[in-house]
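As a plain string of letters, each chain reads:
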Amino acid sequence: MESQVETRCGTIVLAGPPNAGKSTLLNALVGARLAITSPRPQSSRVPVIGIRTDERVQFVFIDPPGLLEPGYLLQQTMVDEAVEAVRRANVVLHLHRASEAPAPDLHTLVPPDALAGKPVGTVLTAVDEVPQRRTDSSPTVFGISAVTGDGLAALLEWCAERLPTGPFRYDVDDMSTQPVRFFVEEAVREAAFEVLRQELPYAVATHVEEYREHSDPVYIRVTLYVERESQKGIVIGSRGRTLKQIGAVARGRIEELVGSRVYLDLWIKVLPRWRKSPTLLRQLGFRVPMSRK
């Protein structure tokens, strides 16, 4: 009788401040463009889940929003999500840019009890951007480059050894637990970050209103919410040029995601002060505790 091969499966959270390279690392580890990547900090608002299944190990990576000092309710919600992701994880990776090393103590970013009993590894990202980097001899500090792949194999091996033994939770071909609509909304928001200037992208929220997957091309209608009427005009642009540019950038990424042609229909609506309203944040799908009014 053949012996059963031992498998491992568990969650690994990529924790760190905004712009630490969490989303870029997630995409590199999973091998697909799932999370928004932007040079602007705070582009991630909710955790993105990516799944990687090797022969005997299934890694469930969680890319939460950056850990920061919140200035308004949306940011507080983002921080709450990040801390909760750390609490739920089997393994914690503390990300920090190599150019800004050494990394601060993770306990300064999350409550100590959220880390209790968990293996924590420090990941210095974007080592390819540091011409003469210092080699750290610690076995829990990893220098990696999501661009070149440098250090990823060692990081995966370290994580695998610390995941609990048990059966895989997901199909070996799954890359995420989140629906396509979520990634469509993220693609449109990422395009807004790329096309728009200054602070305006932070005032933009996206929501899929209609998704006809059996039509050819696939019809998707997405509403972009902004906070002020003046912002609506900026997003639309002269003769609708800015909105068309956002649509063109987003459509290419969505077509790559769904594997077919897409007709992307974008609309703009004003939702005053949505980033500070518990009710509106809940309507947009953010998990805001009922205790916050």
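All values derive from a computational prediction rather than experimental measurement.

## Description of the packing of aromatic side chains
Counted by the stated rule, this structure contains six aromatic pairs. For the ring pair F59 and F61, a centre distance of 5.7 Å and an interplane angle of 5 degrees mean the geometry is stacked. Look at F61 and you get buried, because its relative accessible area is 1%. Relative to Y263, the ring of Y219 lies with its centre 5.8 Å away and its plane at 15 degrees, an arrangement referred to as stacked. One end of the pair, Y219, is in strand β8 (residues 218-226); the other, Y263, is in strand β9 (residues 262-270), with 44 residues separating them in the sequence. Exposure remark for Y219: the relative accessible area of 13% places this residue in the buried category. Here the guanidinium or amino end of R212 rests over the ring plane of Y219, the centre of that ring lying 4.2 Å away.

## What to know about the environment of T7
Checked against the element boundaries, T7 lands in the segment before β1 (8-15). In this structure, T7 is in contact with R56, P164, T165, G166, P167 and F168, ignoring residues within four places of it in sequence. Within the structure, the side chain of T7 is placed 2.6 Å from the backbone oxygen of G166, a separation counted as a polar contact.

## Some details on the sheet that holds strand β4 (residues 91-97)
A sheet is described by the order of its strands in space; here six strands give the open sequence β2-β3-β1-β4-β5-β6, paired in mixed fashion. Of all the strands in the sheet, the pair left with one neighbour each is β2 (48-53) and β6 (141-143). Averaged over all pairs of adjacent strands, the angle between strand axes in this sheet comes to 25 degrees, irrespective of strand direction. In this sheet, strand β5 (residues 120-125) lies alongside β4 in parallel orientation, the contact comprising six bridges. The residue of β5 that forms the bridge with L95 is V123. Packing against the sheet, helix α2 (residues 73-88) makes contact with β1, β3 (57-63) and β4, and its axis sits at approximately 150 degrees to β1.

## Observations regarding the sheet that holds β9
Across the sheet, three strands lie side by side as β7-β8-β9; this open sheet has mixed pairing. Two strands close off the open sheet at either side, each with one partner strand: β7 (205-212) and β9. In this sheet, adjacent strand axes meet at a mean angle of 20 degrees when their direction is disregarded. Taken together, the seven bridges between β7 and β8 define a ladder with antiparallel strand orientation. What sits directly across from A205, in β8, is Y225. Packing against the sheet, helix α4 (residues 180-195) makes contact with β7, β8 and β9, and its axis sits at approximately 130 degrees to β7. On top of the sheet, helix α6 (residues 241-258) reaches β7, β8 and β9; it is set at about 135 degrees to β9, its chief contact.

## Considerations on the packing of helix α1 (residues 22-30) against helix α3 (residues 152-162)
Where α1 meets α3, the axes come as close as 12 Å, and the angle between the chain directions of the two elements is 85 degrees. If you check the angle between α1 and α3, you find them roughly perpendicular. Between α1 and α3, the contacting residues are L25, A28 and L29 on the first element and L152, L155 and L156 on the second.

## What about α1?
Of all nine residues in α1, seven are buried; the element is thus mostly enclosed. Looking only at α1, the buried set comprises K22, S23, L25, L26, N27, L29 and V30. Elements that come into contact with the buried residues of α1 comprise β1, β2, β3, β4, β5 and α3. Two residues or fewer after α1 comes G31, characterised by a positive phi angle close to 85 degrees.

## Some points on the packing of α4 against α6
Contact geometry for α4 and α6: axes closest at 8 Å, N-to-C directions at 140 degrees. One finds that α4 runs oblique with respect to α6. The element α4 and its partner α6 pack so that their crossing is right-handed. Packed against α4, whose contacting residues are V180, F183, V184, A187, V188, E190, A191, A192, E194 and V195, the element α6 presents T242, Q245, I246, V249, A250, R253, I254, L257 and V258 at the interface.

Reading the values: the criteria
Residues numbered from 1 in each chain as written. Predicted model: local features only at pLDDT ≥ 70, side-chain atom pairs only at ≥ 80, totals over all residues. Heavy atoms only, no water. Phe/Tyr/Trp six-rings, centres within 6.5 Å; stacked < 30°, edge-to-face > 60°. Buried < 20%, exposed > 50% of the residue type's maximum accessible area, 1.4 Å probe, protein only. Helix = DSSP H or I, 4+ residues; strand = E, 2+ residues; numbered from the N terminus. Lys NZ or Arg CZ within 6 Å of the ring centre and 35° of its normal. Contact = heavy atoms within 4.5 Å. Polar contact = N/O pair within 3.5 Å; in protein donor to acceptor, adjacent residues only side chain to side chain. Pairing = 2+ DSSP bridges. Axes fitted to C-alpha atoms, helices over the stretch in contact; angles between N-to-C directions. Parallel < 35°, antiparallel > 145°, perpendicular 65-115°, else oblique. Left-handed = near helix turned anticlockwise from the far one by under 90°.

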